[in-house]
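Residues per chain are reported as follows:
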Amino acid sequence: MKSKYEQVFSQDNIATKLLGYALLFAMFFSFLLIAWYAPTERTMGFVQKIFYYHVPSAWNAFLAFGVVFVCSILYLTSRDRKWDILAASSVEIGVIFSLIVLITGPIWAKPVWGVWWSWEPRLTTTLILFLIYVAYLLLRYFSGQGQRTANFSAVLGIVGFLVVPLVYTSVNWWSPEAQVHPQRIGMGPNMQVAFFVSLFTFTLLYVYLLIRRVRVAYADAAVEDLRQQND
Amino acid sequence: MKSIFAILWKDLLLELKTKESFLSMLTFGLLILVLFNFAFEPTPEMKRAITPGLLWITFLFSGILGLNRSFSLEKENMAIHGMLLAPIDRSLVFFGKFGANLIILFVTELCTLPFFLLFLNMPLFEHFWLILGIILLGTIGFVSVGTLFSAMATSTKMREVMLPLLLFPISTPILLAGVACVRDILAGEAFAEYRHWFSLLVAFDVIFLVVPSLVFEYAIEE
Amino acid sequence: MIVSLQAHHLEKSFQNRPVIRDISFVLHPGEFLVISGGNGAGKTTLLRLLAKLVKPDAGTISIDGQDIWEESDAVRYTLGFLSHQIYLYDDLNAVENLRFTARLFGMEEYHSRITEVLQQLHLYHRQYDPVKTYSRGMQQRLALGRAILHDPDILILDEPFTGLDEAGVEILDTLVRDHQRQNKSAIIVSHNLRAGYDLADTLYILGKGTIAFRGEKTQVSFEEYHSAYRGILESET
């Protein structure tokens, strides 16, 4: 008897495969735009181009955690496990993109400002977000399966996201380096094209990774169900 | 509601009898103070500069101990079920625990303040009530989220270690706002200077009193 | 107040493992239901579902026709639950613990009721001693006091005889018969087949998460009950 998870998992989804190929193409195209179409920035030089990965990653992290927030609420109101699986998958992806932001930040900062780290509001907020959602993952993996873990994860998913505007505001007011770090980059038309293509590509990447990750989670759930049945 | 006071009083009674939270928090706070002084050998200017920060670091770190105890005491004999079996809404349990934790931590903070006077020459008396108010505001937010997370943390395999991992990142706004307010107050700045930080503290308190009370039932459910 | 309880197609799983598969029954006013079964058969889980401590994955539990999960928390007032754990605070004394329970249950004049219960439990002379100084038997007695303090209509007792000393067993017996005399009902899990049989009006044996055996005491002899129990246990191994 196939559990509902196994049914979803075993569907060989044409749409996802198409998405995968489209994504591959989009990333290649985006890379070309970034490397050649977009001009080299005047003051910062070639390393500025990391911006085309840095900012979309931040956007992805924020998007991922927003999805976690919504799914957490949906889980608590419906008790349907699929929302919990979706939330947990989104957290993992969000943490990865946060990590990319935290790594590309210093890579960008060192040649330009001479320091690896700056307590710039957005970077710092990303760091705090990273810590919150790493704690989410720790909570999850040290609690085992079951409703209690899902409940706790959902609570954290809600509280963790709600605190973000407060964290950003407080860090923004506090940050000694808010002035040093560029808040807004004046973008020429070529740069804008490259940026928005990259942003779109990254969003696509998030969706694709999410689908893949949820599939794996469903496979895990199907295995668990089978194991229970044979007990 | 009467049940909130019943729960609050029960926790306070337990604390009065054992004094476990109060003593451990006070001692730990003292240790932090002493260790910091050893580690940094502060000059008078340095003392002035680090006092606001050290104040909050001490409170947050030692506060964790009390918060952990709040729900670990409910684990013996699974006493928490006494409250879960009662015909009351779960959010009332939250407010009762929150209230007790707040009182215990705030009293501990009051008792720790003289040591700031002693070791760091903190000018307590000039702006005493203002500083007390800010400490109270910050503690409310910290204890509120902390009560929610403590309920969850004590149920996990990692137990008490989980609480600081969850609570500290979320407490960032309190730390930043609390330090800024205390620093400005000690420097004699007018309220207008730090009014935005004050509002942030209030906003945090309001949001994180309401939201945890709503989701608390999921944190203690079986 | 005379109340009835109805369980309808209850299901509950933990960590994806089904513990309660499909349980339905009716508890009539004044009926004493005794449930037995092997370890892991789901007895404790069933009681916790009935006490509104845990929410079922499927199915409903109704008291006097009202779904207990649709109703407000007030429905817990009709239930009194006794578990393996005593649900008391070690560092508080008997009076303080019972006072706390009384307040939680919104009881107004509780002083005399607490005294009455402590006397029934033969704990009155130790009422000001902290619970951690009590013997296991005394602690279990006090736990019983906590469960009956608000005079519930339905008693839910999970292996109440376990952990009780001689005096405790007598006291429990008296209290339970008192409860019966007031035409109130009880659901009791008991490993002690003989004691359970004596108390019961209705006997259930749980096996693999369902009710494998139903019998009325008036129609089933103890021997039949005993062999049915053994049969169900054997079929599980």
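Preceding this paragraph is the structure being described.
Residues numbered from 1 in each chain as written. Chains lettered and ligands numbered in written order. Predicted model: local features only at pLDDT ≥ 70, side-chain atom pairs only at ≥ 80, totals over all residues.

Draft legend 1. Summary view of the overall build of chain B. A tally of helices and strands in chain B yields nine helices and zero strands. Reading chain B from its N terminus to its C terminus gives the helix and strand order α-α-α-α-α-α-α-α-α. The C-alpha atoms of chain B give a radius of gyration of 18 Å, which matches the 17 Å a tight globule of 222 residues would have. (Helix = DSSP H or I, 4+ residues; strand = E, 2+ residues; numbered from the N terminus. Rg over C-alpha atoms; globule rule 2.2 N^0.38 Å.)

Draft legend 2. Broad picture of the interface of chain C and chain B. Of the residues lining the interface, 23 residues belong to chain C; the matching set on chain B comes to 22 residues. Top element by residues in the side of chain C that touches chain B is helix α2 (residues 94-104) of chain C. It accounts for five residues. A breakdown of the residues in the side of chain C that touches chain B according to their chemical character gives 14 nonpolar, two polar and seven charged. (Contact = placed C-beta atoms within 7 Å. Nonpolar A, V, L, I, M, F, W, Y, C, P; charged D, E, K, R; others polar.)

Draft legend 3. Region of interest: helix α5 (residues 166-181) of chain C. All names here are of chain C. Taking 1.5 Å per residue, 16 residues should reach 22 Å; α5 reaches 23 Å between its end C-alpha atoms and fits that length. Here α5 has its buried residues at Gly168, Ile171, Leu172, Leu175 and His179. The buried residues of α5 occupy an angular sector of 100° when projected down its axis, which confines them to one face. In α5, the exposed positions that point more than 90 degrees away from the buried face belong to Glu166, Glu170, Thr174, Arg177 and Arg181. Once α5 ends, the next one or two residues include Asn183, with phi positive near 65°. (Expected span 1.5 Å × (residues − 1). Buried ≥ 20, exposed ≤ 12 C-beta atoms within 10 Å, placed from the backbone. Arc of directions from axis to C-beta.)

Draft legend 4. Structural view of the nonpolar core. Judged by nonpolar contacts, the single largest core of 188 residues is most densely connected at A:Val155, B:Leu166, B:Ala219, C:Leu142 and C:Ile156. Considering each element in turn, this core owes the most residues, 13 residues, to helix α6 (residues 128-153) of chain B. A:Leu33, A:Ala38, A:Tyr52 and A:Trp108 belong to the second-largest nonpolar core, a separate cluster that totals 11 residues. (Core = buried A, V, L, I, M, F, W, Y, C linked by C-beta atoms within 7 Å.)

So yeah, pure geometry; function would need other evidence.
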